[in-house]
Amino acid sequence: MLDGRRAPRRMKNREYQQIDPQALATPPPRPPPEHMPKRARRKWEVFPGKNRFCCDGRIIVARQSGVLPLTLALIVLTSGLFFIFDCPFLVEHLTGCIPAIGGVLFVFVIISLLQTSFTDPGILPRATPEEAADIEKQIDNPTGLSSSYRPPPRTKEVVINQQVVKLKYCFTCKIFRPPRTSHCSLCDNCVERFDHHCPWVGNCVGKRNYRFFYTFIVSLSFLTAFIFGCATTHLALRSQGGNGLVVALQASPASALELVVCFFSVWSIVGLSGFHTYLVAANLTTNEDIKGSWSGKSGNEDVGNPYSYNSIIKNCCSVLCGPMPPSLIDRRGFVPSDDSVQTRPVEIELPAAKNDINMEKDCLDFALSCAG
Amino acid sequence: MEDVLFNLWFSRQTHSLQDLRQAAVTSKVFVQRDYTSGTICKFQTKFPAELESRMDKQQFEETIQTLNNLYAEAEKLGGRSYLEGCLACLTAYTIFLCMETHYEKVLKKIAKYIQEQNEKIYAPLGLLLTDPIERGLRVVEITIFEDRSIGSR
């Protein structure tokens, strides 16, 4: 007991020396890293959206790859038939440039398709709990912080280029969406400069991959038209020697198949390319065009696109040749361990669970503690 | 004499960043984006009320303005970016796999600038700037640490 009385001071010193801030920061059940090498997780492994990742986070796709395999199959099959059946005949009778041109177009189409599908379209990472709490603090919520029903949509207005733009609050990502950003429900992410979610490509089309998408549809239009023209020429040349079309078709049935596929696709693809060329020239997104945000459909005469440079060339250059923004989600970065500085009531480390309700509750509790 | 004092003060402060890691966090301030110029990356230069007791308003504005200028440089539409874009288009964008883009180079510059600012100005005041790229270019996060753990050892 005597020791006990003297011991507190010594023990206190010893405890004080023994307490290591690093150990305090890490939660007790986890053993120190030297004893058990715990694999550091990459951020893609804890990503909250509905995306899938391949090659250790290098490649990103939407959860439903949609009809991407069908798109690839159609393109490869039609082009394959073209190279195998039409090219030899046309090289013999016309020129050797035909397979070369076809080859270049085919390569462009496939590369731009894969890049559109596998590139991060401009996903905005969700707000950290502290950020979300900070935003909650700033918004007046007179009905109280009950989480039993969804509060009315929160908007913030900002003036861009003498135009009033409403920024909406995203309940999933807990941020005020920047201008031109939209939340894709299929991928469950906010995407910058959101154009549309393309099922053929199996990904959203947004700020970062719009140029790839545009290259894809333009080069596909050329390829489809080219194959259509070559197949027609092939059949025409074959039926020229007094043989007739039926004989020509019998000799090269593949050309008939190519003609059918190309005939039905060329209208929609060329139409789509034309539409997107208009969008690029006006610096609009499909989303804005469909909603009629800037066309004055709502009766307001003063609207105009505030993002347009009012020059077709400058609009095209900025959309297609502008600087390539970086991916904001840092898929291959490592999830920070708990030794990094954290606020006491809330842990900074990204929660692996997709439980939004818990996160919202934590944010509300935090906001309450800050306000109170 | 002033030089000697400054060196003494500075050498004490060079350990501030490590001290900060063991300090307790009081709160965080978030400097939001300024969208009045469109979608370009720009942060508000309004001085947050929580920092009034900690630092000089002008210094803060200078830091944010420099960051804004750097981001403007990254997103600038000019001859260089067009050349890069056209070259990328001609190579079916495969060039992005091997080359570092102008934007990425400027981001590295920004990271260096923020680290410098932290070491020289913010850590001695018990503050820490977080690179906006780690928050998806949404906010500049400033962590405020408790005063007592700085320089008290």
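Residues numbered from 1 in each chain as written. Chains lettered and ligands numbered in written order. Predicted model: local features only at pLDDT ≥ 70, side-chain atom pairs only at ≥ 80, totals over all residues. Heavy atoms only, no water.

Under an unreviewed UniProt entry, the name given to chain B is Golgin subfamily A member 7, and the organism recorded is Cyprinus carpio carpio. For chain B, the Subcellular location (unreviewed entry) comment in UniProt is given as "Golgi apparatus membrane". Word for word, the UniProt comment on chain B under Function (unreviewed entry) is "May be involved in protein transport from Golgi to cell surface. The ZDHHC9-GOLGA7 complex is a palmitoyltransferase specific for HRAS and NRAS." (UniProt positions renumbered as here; feature names shortened; annotations may be inferred.)

In the annotation of an unreviewed UniProt entry, the entry for chain A reads Palmitoyltransferase, and the organism field reads Cyprinus carpio carpio. Under the heading Subcellular location (unreviewed entry), UniProt records this for chain A: "Membrane". What the UniProt record of chain A gives under Catalytic activity (unreviewed entry) is the line "L-cysteinyl-[protein] + hexadecanoyl-CoA = S-hexadecanoyl-L-cysteinyl-[protein] + CoA".

Thoughts on the overall build of chain A
Scanning chain A from N- to C-terminus turns up 11 helices and 10 strands. A total of 372 residues make up chain A; the buried ones form 45% of that total. When contacts within chain A are restricted to residue pairs at least 6 apart in sequence, long-range pairs at least 24 apart make up 66% of them. Within the structure as shown, chain A displays about 20200 Å² of accessible surface, and the carbon and sulfur contribution to it stands at 61%. (Helix = DSSP H or I, 4+ residues; strand = E, 2+ residues; numbered from the N terminus. Buried < 20%, exposed > 50% of the residue type's maximum accessible area, 1.4 Å probe, protein only. Contact = heavy atoms within 4.5 Å. Areas by Shrake-Rupley, 256 points an atom, 1.4 Å probe, with all protein chains shown as cover.)

Section: the sheet that holds strand β6 (residues 175–176) of chain A
Residues and elements named next belong to chain A. Here three strands make up an open sheet; going across it, the order is β4-β5-β6 and the pairing antiparallel. Of all the strands in the sheet, just β4 (155–160) and β6 have a single pairing partner and so form its edges. Bridge count for strand β5 (residues 163–170) against β6 is two bridges, and the pairing is antiparallel. Within β6, the residue paired with Cys-170 across the bridge is Ile-175. (Pairing = 2+ DSSP bridges.)

Comments concerning the UniProt feature "domain: Golgin subfamily A member 7/ERF4" (unreviewed entry) in chain B
Here the UniProt feature "domain: Golgin subfamily A member 7/ERF4" (unreviewed entry) sits at residues 29–141 of chain B. Secondary structure within residues 29–141 of chain B divides into 49% helix and 10% strand; the distance between the first and last C-alpha atoms comes to 6 Å.

Section: the interface of chain A and chain B
Counting from both sides, the interface comprises 43 residues of chain A and, opposite them, 40 residues of chain B. With both chains or domains summed, chain A and chain B bury close to 3400 Å², and 67% of this area falls on carbon and sulfur atoms. Connecting chain A to chain B are one salt bridge. A salt bridge links B:Arg138 to A:Glu131, with the shortest nitrogen-to-oxygen separation between them at 2.8 Å. Viewed at the interface, chain B and chain A are joined by five residue pairs in polar contact (both at pLDDT 80 or more). Listed by contribution, the elements that provide at least two residues to the side of chain A that touches chain B are α4 (97–118), α5 (129–138), β4, α6 (210–238) and α10 (312–320) of chain A. Its residues placed into classes, the side of chain A that touches chain B shows 27 nonpolar, eight polar and eight charged. (Buried area = accessible area lost by both parts, 1.4 Å probe. Salt bridge = Lys/Arg side-chain N within 4 Å of Asp/Glu carboxyl O. Polar contact = N/O pair within 3.5 Å; in protein donor to acceptor, adjacent residues only side chain to side chain. Nonpolar A, V, L, I, M, F, W, Y, C, P; charged D, E, K, R; others polar.)

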